[in-house]
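# Structural description and commentary
Spelled out from the first residue to the last, the chains are:
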Amino acid sequence: MAQREQYVGFSTVGRDEPPYRLIDIELVKRDLLNAFNTRLGERVMRPEFGTVIFDLLFDPFDDETKALVVEDAQRIIGQDPRVTLVSIDAKELEHVMRVEVELLFTPQDVVDNLYIEYDRKNNEAI
């Protein structure tokens, strides 16, 4: 018997033509990326949605900035009951701030990675 889909959604991000349907892990990742690509307070009627990472892009990448990035990523991930955080790290690469997250997707019981990069030159998520 085929496993029933737990989560079903829709997204046109990165898709020029149908199908726009997303299921399970792919949908959860897209939902998390939506939060990581939205500035905190930018969403109408949802001031708690989004990230402060954009405000930290031009700060020196020291231990304090790294801790703030990790803390904000933990907050975003903690708001989604479909995942459990396994590990998280923030890194500075050339002109890029990268957040690397390992997640346990429930109820699928699958561990997978999510990488979010922020372009420090253009102040945008990539």
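Figured I'd write up the structure that's included with this text. Predicted, not measured: the structure shown is a model, and the values here were computed from it.

### Brief notes about the overall build of the chain
Within the chain, the regular secondary structure consists of three helices and six strands. Along the chain, from the amino end to the carboxyl end, the secondary structure elements read β-β-α-α-α-β-β-β-β. Taking 126 residues into account, the globule formula puts the C-alpha radius of gyration at 14 Å, and the chain, at 15 Å, falls close to it. Put simply, the chain has 126 residues, and 35% of those count as buried. Here the analysis covers contacts within the chain between residues at least 6 apart in sequence; of these, 38% occur between residues at least 24 apart. With an accessible surface of roughly 7,700 Å², the chain has 49% of that area assigned to carbon and sulfur atoms.

### Thoughts on the packing of aromatic side chains
For the structure shown, the criterion picks out one aromatic pair. Note on Phe54 and Tyr118: the rings are 5.2 Å apart at their centroids and 90° apart in plane angle, and the pair reads as edge-to-face. With Phe54 in helix 2 (residues 53-56) and Tyr118 in strand 5 (residues 110-119), the pair connects residues that are 64 residues apart, well separated along the chain. For Phe54, a relative accessible area of 6% corresponds to the buried category. Here Tyr118 falls in the buried class, since its relative accessible area comes to 0%. Across the ring face of Phe49, the terminal group of Arg43 is positioned such that the distance to the ring centre comes to 4.7 Å.

Criteria and thresholds
Per chain, residue numbering runs from 1 following the sequence as it is written. A pLDDT threshold of at least 70 governs which residues receive local features in this predicted model, and a stricter bar of 80 or more applies before side-chain atom pairs are shown or counted, although totals over entire chains, interfaces and linings include all residues. Values shown for side chains rest on all heavy atoms present in the structure; no hydrogens or waters enter the calculation. For helices the rule is a DSSP run of H or I covering at least 4 residues; for strands it is a run of E covering at least 2, with both sets numbered from the N terminus onward. A radius of gyration in this sense is built from C-alpha atoms; the matching globule rule multiplies 2.2 Å by the number of residues raised to 0.38. A 1.4 Å probe rolled over the protein chains alone gives each residue an accessible area, and that area as a share of the maximum for its type sets the label: buried under 20%, exposed over 50%, partly exposed in between. Contacts were defined at the residue level, with two residues in contact if any of their heavy atoms lie within 4.5 Å. All accessible areas in this document rest on Shrake-Rupley with a 1.4 Å probe, and a residue is counted as covered only by the protein chains that are shown. Stacked, edge-to-face and tilted are the three classes for Phe, Tyr and Trp ring pairs, Trp counted by its six-membered ring, which pair at centre distances within 6.5 Å; planes under 30 degrees apart are stacked, over 60 edge-to-face, the rest tilted. Consider the ring centre and the ring normal. A charge sits over the ring if Lys NZ or Arg CZ is within 6 Å of that centre and within 35 degrees of that normal.

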